[in-house]
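Chain residues, written in single-letter form:
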Amino acid sequence: QYYHRNVTLMLLAGRLRLLLDMEPQRPGEDEAATAMRLLTRVLIDYPRAFQVVLADAAYCEAPFINFLWSHHKYILVVLKDERRDLYADVLGLCKIHQPHEGRYRKRECLWWDVQDLTTWPQVTSPMRVVRSQETCYVKRQATKELTFETSEWMWATNLPPSLANRESVVRLGHARWDIENYGFNELVNGWHADHVYRHDPDAIEALYLIVFIAFNLYHAFLTLNLKPEYRKGKTELFWIRIFISEIYPHGVKNNQVRAP
């Protein structure tokens, strides 16, 4: 069953999103080790395809950060382990530094930007942590009432301020959810990639890669081929139905196709 777990590399470039590659997770192996094996291959094939890796807290590991730094790549990773010295140090420093006011989408924010941290000796490059406290009104679906909510995020990165100011770090950090929403969730809910037709490692990997190709072709066509004026005001579901009507000009019978 471990072949159902894999690490996927997704390239975000504006509106265009592409699934580049995947790597199955081996028994007894954590995600960071799997990702390093994947990136070793990707860096050979696409050495200039990206400069920054966005990752969740599972990849906040010194070997993974050092691996990327040795290949001249930056990382921006979620920091949320209260047991880490880096986490505790940043909270302490935030108490003596005034935050900067900012805004992300509809959220009012307070940002702290703590730089040149060397309290993680296993990491070969100085780290920087950006902390964001975000407040906004949220309408509850059940009661339709507006509630005032506060959330907090912390990201560790080795991106220098000259390449990414604090606002850019916050936007990059939240872009990690684009990978989740437009990548994994769409693959499962729209492309049914969680359905395994044959329980064989090679068959499962082949299925994923075929779905990746279809996903990339679909999004490349929408983003690169259709003019913005033509796309305006139309949802992706609209275009999916157009594609289905072209493939099945006489209609779909007996649930032959389920649109994403």
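You'll find the structure just up there.
This section reports on the structure supplied with the text. No experiment lies behind these values; they were computed from the predicted model shown. Every chain is numbered independently, its residues counted from 1 as its sequence is written. Confidence filtering applies because this is a predicted model: local features only for residues at pLDDT of at least 70, side-chain atom pairs given and counted only at 80 or more, and all residues used for totals across whole chains, interfaces and linings. Excluding hydrogens and water, the side-chain values take into account all heavy atoms of the structure.

Observations concerning a nonpolar patch on the surface
Condition: To count toward a patch, a residue needs a relative accessible area over 30% and no salt bridge; like charges are then connected within 9 Å, while nonpolar side chains (Val, Leu, Ile, Met, Phe, Trp, Tyr) are connected within 5 Å. A 1.4 Å probe and the Shrake-Rupley method give the accessible areas. Residues count as covered only by the protein chains that appear here. By convention in these notes, a salt bridge is any Lys or Arg side-chain nitrogen within 4 Å of a carboxyl oxygen on Asp or Glu. Helix and strand definitions here come from DSSP, where helices need a minimum of 4 consecutive H or I residues and strands a minimum of 2 consecutive E residues; each element is numbered from the N-terminal end.
A cluster of nonpolar side chains, namely Tyr-137, Leu-146 and Phe-148, defines an oily patch on the protein surface of about 390 Å² accessible area. In this structure, Tyr-137 sits in strand E7 (residues 127-139).

A few points about the packing of aromatic side chains
Quick reminder of the rule: Between rings of Phe, Tyr and Trp, where Trp is taken as its six-membered ring, a pair exists when centres lie within 6.5 Å; planes separated by under 30 degrees are stacked, by over 60 edge-to-face, and by other angles tilted. Exposure classes here rest on a 1.4 Å probe applied to the protein chains alone. A residue is buried below 20% of its type maximum, exposed above 50%, and partly exposed in between.
Tallied over the full model, the rule gives 11 aromatic pairs. Judged by centre distance (5.7 Å) and plane angle (65 degrees), the ring pair of Trp-191 and Tyr-218 falls under edge-to-face. Of this pair, Trp-191 sits in the loop between helix H4 (166-189) and helix H5 (201-225) while Tyr-218 sits in helix H5, and the two are 27 residues apart along the sequence. A residue is classified by how much of its surface remains accessible, and Tyr-218, at 8% relative accessible area, is buried. Ring centres 5.9 Å apart and planes at 85 degrees place the aromatic pair Tyr-218 and Phe-243 in the edge-to-face group.

Describing the nonpolar core
Counted only if it meets this: Here, nonpolar core refers to any group of buried Ala, Val, Leu, Ile, Met, Phe, Trp, Tyr and Cys residues whose side-chain atoms link them within 4.5 Å. Note on definitions: a residue-residue contact is assigned when non-hydrogen atoms from the two residues lie within 4.5 Å.
Tyr-59, Phe-64, Leu-79, Trp-120 and Val-129 are the most contacted members of the largest nonpolar core, which totals 35 residues. Top contributing element to this core by residue count: helix H1 (residues 31-45), with 7 residues. Dropping the residues within four chain positions of it, Val-129 is found in contact with Leu-79, Leu-86, Val-90, Trp-112, Asp-113, Val-114, Leu-117, Met-154, Trp-155 and Ala-156. Counting 14 residues, the second-largest nonpolar core is a separate cluster that includes Tyr-104, Cys-109, Leu-159 and Ala-175.

Describing the layout of surface pockets
As a reminder, the rule being used: With a 1 Å grid laid over protein atoms only, a set of points is called a cavity when a 1.4 Å probe fits there but cannot get out and a pocket when it is open yet has protein on both sides within 12 Å along at least five of seven lines; lining residues have an atom within 4 Å of a point. Grid points are joined across faces, edges and corners, and a volume is the space filled by probe spheres set on the points. When residues are grouped by polarity, Ala, Val, Leu, Ile, Met, Phe, Trp, Tyr, Cys and Pro land in nonpolar, Asp, Glu, Lys and Arg in charged, and all others, Gly among them, in polar.
A volume near 1,200 Å³ is recorded for the largest pocket. Considering the residues around the largest pocket, the lining is formed by 44 residues, among which Thr-8, Met-10, Arg-176, Ile-179 and Phe-184 are closest to the centre. Of all the secondary structure elements, the ones that give two or more residues to the lining of the largest pocket are strand E1 (6-13), strand E2 (16-24), H1, strand E3 (52-55), H4 and H5. The biggest single contributor to the lining of the largest pocket is H4, with 11 residues. Class assignment for the residues of the lining of the largest pocket results in 28 nonpolar, 7 polar and 9 charged.

Observations regarding the pattern of salt bridges
Under the counting rule described, the total for this entry stands at 15 salt bridges. Of the charged contacts, one joins Glu-108 and Arg-103 as a salt bridge, the two residues approaching to 2.1 Å between their closest N and O atoms. When its relative accessible area of 44% is taken as the criterion, Glu-108 is described as partly exposed. Judged by its relative accessible area of 42%, Arg-103 falls in the partly exposed class. It is possible to trace a salt-bridge network through shared partners that takes in Asp-21, Glu-23, Glu-29, Arg-37 and Arg-41.

With respect to the side chain of Thr-8
Heads up, the rule is: Residues adjacent in sequence count toward polar contacts only when both atoms are side-chain atoms; beyond that, a polar contact is any pair of N or O atoms within 3.5 Å, and within protein one must be able to donate a hydrogen and the other to accept it.
Structurally, the position occupied by Thr-8 is in strand E1. Its relative accessible area of 18% is what places Thr-8 among the buried residues. Engagement of the side chain of Thr-8 in a polar contact is seen with the side chain of Asn-6, the distance being 3.0 Å. Non-local contacts of Thr-8, meaning those with residues more than four positions away in its chain, are made with Leu-19, Asp-21, Met-22, Leu-38, Phe-184 and Phe-212.

Details of the state of the cysteines
Selection rule: By disulfide we mean two sulfur atoms from cysteines, separated by a distance within 2.5 Å.
Counted according to the given criterion, the structure contains 0 disulfides. Note on Cys-94: no disulfide assigned, nearest cysteine sulfur contributed by Cys-109 at a separation of 14 Å. Free of any disulfide, Cys-136 has its nearest cysteine sulfur in Cys-109, 8.9 Å distant.

Comments concerning the packing of H4 against H5
The condition that has to hold: Fitted lines through C-alpha atoms give the axes, limited to the stretch in contact for helices. The angle between two N-to-C directions lies from 0 to 180 degrees. By the definition adopted for this analysis, an angle is roughly parallel if under 35 degrees, roughly antiparallel if over 145, roughly perpendicular if from 65 to 115, and oblique otherwise. Handedness of a crossing follows from how the near helix is turned relative to the far one, being left-handed for an anticlockwise turn of less than a right angle and right-handed for a clockwise one.
Between H4 and H5, the shortest axis-to-axis distance is 12 Å and the interhelical angle comes to 120 degrees. Considered as vectors, H4 and H5 are oriented oblique to each other. Handedness of the H4/H5 crossing: right-handed. Listed contacts from H5 to Tyr-182, Glu-186 and Leu-187 of H4 are Val-211, Phe-212, Phe-215, Tyr-218 and His-219. The class makeup of the residues in the contact of H4 with H5 is 6 nonpolar, 1 polar and 1 charged.

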